[in-house]
Every structure is written in structure tokens, then in C-alpha cells.
Amino acid sequence: MTALSPEPSLDAAAPFDLVILGAGCAGLALAARLARSDADLRVAVIDPRTEHGDDRSWSFWHHDHHALRSIVAHEWSGWTYRGLDGRAATHRVPGVTYQYIRGIDFYRWALDAIATDPRITLQLGVGAHELAAVTLDDGDDGVRVMTDAGPVLARRVVDTRPQRTRALLYQCFSGVEIEHGGRLATDTDASDADAVGLMTRMRSGAEGLGFLYVLPLSPTRALVEWTRFSPAPLPLDEVAAERDAELGALGLGDAVVVREEQGILPMGRVDAPPSPVAGVALAGNAGGALRDASGYAFLRIQRWAMRCAAALARGEAPPAHPREPWVRRQMDRIFLQALRAHPERSADYFLAMATRVAPRRLLRFLTDRATLGDLVAIIASLPLTPFLAQLPDRRERLVAAASAARRQRVER
Ligand SMILES: Cc1cc2nc3c(=O)[nH]c(=O)nc-3n(C[C@H](O)[C@H](O)[C@H](O)COP(=O)(O)OP(=O)(O)OC[C@H]3O[C@@H](n4cnc5c(N)ncnc54)[C@H](O)[C@@H]3O)c2cc1C
């Protein structure tokens, strides 16, 4: 655990140039980028947690060179999709690996950077509550942040506090890092230490999709997460019990648990994000960082943090996460709505994409870089009727059906 002073040390007399609410992924990423930049700002980061433990891990696809390369703990050249019925595809794309960063390593990377900058105050053990727009003593606009340690004034605020939000589906998962003594093959029925089980033992029923996410960390150790896509958030103890049943079915009920991680990620936010108080920017998951169709956010948060630090260094307001392009938003929504309308077919949809779409195309879709050709290939891999039914009106359905028919003629 990396613990920092839980004692309040916020100097509330003078306004901070920036107050960051939340010292999680987004808050720390921004503070670390500011510490490494030439921004001359007085910054406070506030979080009620009292320490940073190994509470989660982040994975993503990336090529070899990037700013966080030194803290990547593992990488794999392949990722497998496998149904419980045996249908399977392992994808590999030259030049790209699936990379894994442990939470504790990311936190240390950020905390070390922050510690080098005396202008950044990290205040743990203090939660923020109400925010209000105020006029500062010098006549500038500012924000008053009510905290457990009293009011704090800021010229600007970045708010990454988790928010409850309604969504089309919820990705509910419960994972354990286990010592299994070599009894767990990577994708649970084939041995390929250079591939993760991205969605393995996948099956679906009236209650939705379920699959195991398996990251082999060594010949004897793995992160194994049981994941459910559900129209409502599931109690996490229920998800953990299902995970244990899966481990039991694999003969791993007695594996030694090294650490746990769990979460519920909203997929396809239904509510419009709340309008923040003037001077406040929402960021991280609360600011729309999660990709609707996948629940991946880590790299999107890192890109935003770099842009945000650069904007602040230029004296500009902190930017929001970029709005999802219309086409991607529609694709993700239609896909999620089809999963919601036909939960029993969810595994078929994922396996159809995995077995019929070229790995490079599917990867571009998953990493926010899909071309029109990729989208067409993905649509063509899926059964048309359930997806057309999700289009909002009849005219759009007719236009889509006509263009699908045209496309099929061209492909023939
Ligand atoms: C277990 C888990 C695994 C994940 N794995 C991946 C992955 O592999 N790849 C990927 O791309 N994405 C992943 N995600 C999704 C996403 O990347 C993470 O949720 C990420 O941590 C989001 O960053 P954030 O800063 O928005 O939220 P968080 O990292 O959760 O930070 C929010 C912070 O706000 C603090 N806070 C709460 N209340 C207050 C308050 N009143 N005042 C001030 N601060 C407050 C919290 O203590 C916390 O530190 C995962 C999510 C989880 C939960």
C-alpha cells in the first residue's frame, strides 16, 4: 500500500489554480502530467481514500512505444474469444500487444511524479461534497468546494468523483489473481501462454452474457475475472459466487487467492451527463471516458490527461473528454440495444464477430480507430434483423436495409 498523510493540509486561505477531485486513474494521471509539464499552477488533489493499494489492473492494446511502457508488467501477442460450445478464434495483429499495468504500479508512477512538484498538494482522507460558483477576492470567477476539511477555493476544478448513472447494460465483474500451480491453461482448454482469454467460456441465456477473462501472469499465476453483461447492476457478491463456481468447474476451487478486483461499469449511458457548475470540468468515467461498447477507459483517460495538462499550461480551461463521433456512438448503441433485446444470443454475436471479422479490423473498432470498411465488415458479420430492429425509426431501418442489400450485391 502507498499511504500518504491523511491529515488535512489544505491551505484554504488563497484559492488554488486547480483543484482535482479524486486521486484515482484520471485525477492522478492529470496531476502527474502537470508535475511533468512546465505549468506553473498551484494544485490540490483531494480524495477520501487514505492509501493507494493494488485494487485493480488496467489492460489495453498498444504498440511498443508509449509513455507508460516502463510500468507494463505483462504483454501478450494474442487474445482469444471462445464459446463454451467450443467455437473459438485467437486474434493476433503484428506490432500490437495486449498490455497489462498493475494498479499499484500506476499509482506509484503518478505519486512519484507528484512528489517532485512542491506546487501540488495531494490530500488523502478528505472527501469533496458540494460545489458552488463564486466570485474570488480578486474579482475572478472561481469555485468553492465543500470538503470534510472545510471549504476550499479554486479558480478551476476537475471533478473525477464516481457518479451513479443509468445505462443500457452493466458490465459486472469479479476477479481474483490466483496461484494455481500450473493447472490453468491460458484460455482454459488450450495452452498458449502468449494469449489472454479475452472472452472465454462464453455463454448466454435469458439473463445475459457471461464469460471468463483470463490473463496468464506466469506459468502458475493468473488473473481470472468472471464478467456478466446485465440490464441492471448485479450484486457483486452474486457475481463473486458465480466466479467461484467457474473456478470450481475448472478444478481450481482450492487455488490460493493473491488479490481481488471487482467493478460495475455502465455501458451506454442513458442519462445526459449533469451540467457541471461553471468552472468545473467532469473527467474520467464521470466525464464519459468509458467506451460504451467495451468498458475500456484507461488509454482514453491517459490521452485526455496529456491534452488537459497542456491546455492548463497554456492558461486555458480544462477540456472535457472528446465527444464520441456520431457513427461510433450509433454503432455502440445499436450493438448494446441488440444485446439487451436478445440476451440469449449475445455469445453468438461476439463469436460471429470474432470468427468472421479480420483481427485487424476488429482491433481498430475496439481501439476507437475503425474505418468505414471496418464498420461494414462488422455489420456484415452479424445477423441483420435484430440489429435493424434497434434503429430508432422505420425510415432509418429502410435506408439501412437498402444499403445492406446494395453492399451484399457489391460483395458478390
Ligand atoms: C476493477 C476495474 C478494472 C478495470 N480495468 C480496466 C481495464 O483493464 N482497461 C480499461 O481500459 N479500463 C478498465 N477499467 C475502467 C476504467 O479504466 C477505470 O474505472 C478507471 O479507474 C476510471 O478512472 P476514474 O479516475 O474515472 O475513476 P477512479 O479511478 O475510480 O477514481 C475516482 C476517485 O474518486 C475518488 N472519490 C470518491 N468520492 C470522492 C469524493 N467525495 N471526493 C473526492 N474524491 C472522491 C475515489 O476514491 C477514487 O480514487 C476498470 C475499472 C475497474 C473498476
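What you are looking at is a predicted structure, and each value in this text was computed from that prediction instead of being measured.

J.: Which residues make up the overall build of the protein chain, and what are the values?
T.: A tally of helices and strands in the protein chain yields 10 helices and 19 strands. On C-alpha atoms alone, the protein chain measures out to a radius of gyration of 23 Å, which is about the 22 Å that the 2.2 N^0.38 rule sets for 412 residues. Summarising its shape, the C-alpha atoms of the protein chain cover approximately 70 × 55 × 40 Å along the three principal directions. Within the protein chain, the fraction of its 412 residues that count as buried is 40%.

J.: Describe in detail the site of the ligand, supporting the description with residues and values.
T.: Looking at the ligand, there are 31 residues lining it, with Gly22, Gly24, Cys25, Gly263 and Gly284 nearest. Those elements that provide at least two residues to the shell around the ligand are helix H1 (25-36), strand E3 (43-47), strand E5 (57-62), strand E18 (256-269) and helix H4 (298-313). By residue class, the composition of the shell around the ligand is 17 nonpolar, nine polar and five charged. Split by domain, the residues of the shell around the ligand number at least three in each of domain 1 (2-54 + 102-161 + 271-313) and domain 2 (166-269).

J.: Residue-level account of the packing of H1 against helix H2 (residues 103-115), with values.
T.: Orientation of H1 relative to H2, taken along the N-to-C sense of each, is 40°, at an axis distance of 8 Å. The angle between the axes of H1 and H2 places the two elements in the oblique class. Where H1 crosses over H2, the handedness of that crossing is left-handed. Along the contact surface, H1 presents Leu28, Ala29, Ala31, Ala32, Ala35 and Arg36, while H2 presents Tyr107, Trp109, Ala110, Ala113 and Ile114. Along the lines of polarity and charge, the residues of the contact of H1 with H2 split into 10 nonpolar, no polar and one charged.

J.: Which residues make up helix H5 (residues 326-341), and what are the values?
T.: A rise of 1.5 Å per residue sets the reference length of H5, with its 16 residues, at 22 Å; its end C-alpha atoms lie 22 Å apart and thus fit the reference within 8%. When H5 is considered as a whole, its buried residues turn out to be Met331, Ile334, Phe335, Ala338 and Leu339. Axial view of H5: buried residues confined to an arc of 135°, hence all on one face. Packed against the buried residues of H5 are strand E14 (167-179), strand E16 (208-218), strand E17 (221-230), helix H6 (346-356), helix H8 (372-381) and helix H9 (384-388).

J.: Explain the confidence of the model for the protein chain to me, using residue names and the numbers behind them.
T.: Summary statistics for the protein chain give a mean pLDDT of 90 and a share of 90% for residues scoring 70 or more. This model gives residues 2-8 a pLDDT under 50, and the stretch forms 16 contacts once residues within four places in sequence are excluded. Within the model, the stretch residues 408-412 combines pLDDT values under 50 with zero contacts to residues more than four positions away or in other chains.

J.: An account of the pairing of strand E15 (residues 195-205) is requested, with residue identities and associated values reported.
T.: Judged by how many residues are buried, E15 sits mostly within the fold: nine of 11 residues are covered. Bridge count for strand E7 (residues 78-83) against E15 is five bridges, and the pairing is parallel. Across the sheet, Thr80 pairs through a bridge with Gly197, a residue of E15. Between the antiparallel neighbours E15 and E16 lie two residues.

J.: I'd like a description of the domain arrangement of the protein chain, backed by residues and values.
T.: A common way to express how large an interface is: the accessible area buried when the components associate. According to the domain assignment, the protein chain contains domain 1 (2-54 + 102-161 + 271-313), domain 2 (166-269) and domain 3 (326-411). Contact residues are listed per partner, giving four residues for domain 1 and six residues for domain 3. In the side of domain 1 that touches domain 3, the residues fall into one nonpolar, one polar and two charged.

About the thresholds
- Residues numbered from 1 in each chain as written.
- Predicted model: local features only at pLDDT ≥ 70, side-chain atom pairs only at ≥ 80, totals over all residues.
- Helix = DSSP H or I, 4+ residues; strand = E, 2+ residues; numbered from the N terminus.
- Rg over C-alpha atoms; globule rule 2.2 N^0.38 Å.
- Buried ≥ 20, exposed ≤ 12 C-beta atoms within 10 Å, placed from the backbone.
- Near = placed C-beta within 6 Å.
- Nonpolar A, V, L, I, M, F, W, Y, C, P; charged D, E, K, R; others polar.
- Domains from an automatic or database assignment.
- Axes fitted to C-alpha atoms, helices over the stretch in contact; angles between N-to-C directions.
- Parallel < 35°, antiparallel > 145°, perpendicular 65-115°, else oblique.
- Left-handed = near helix turned anticlockwise from the far one by under 90°.
- Contact = placed C-beta atoms within 7 Å.
- Expected span 1.5 Å × (residues − 1).
- Arc of directions from axis to C-beta.
- pLDDT = per-residue confidence, 0-100.
- Pairing = 2+ DSSP bridges.

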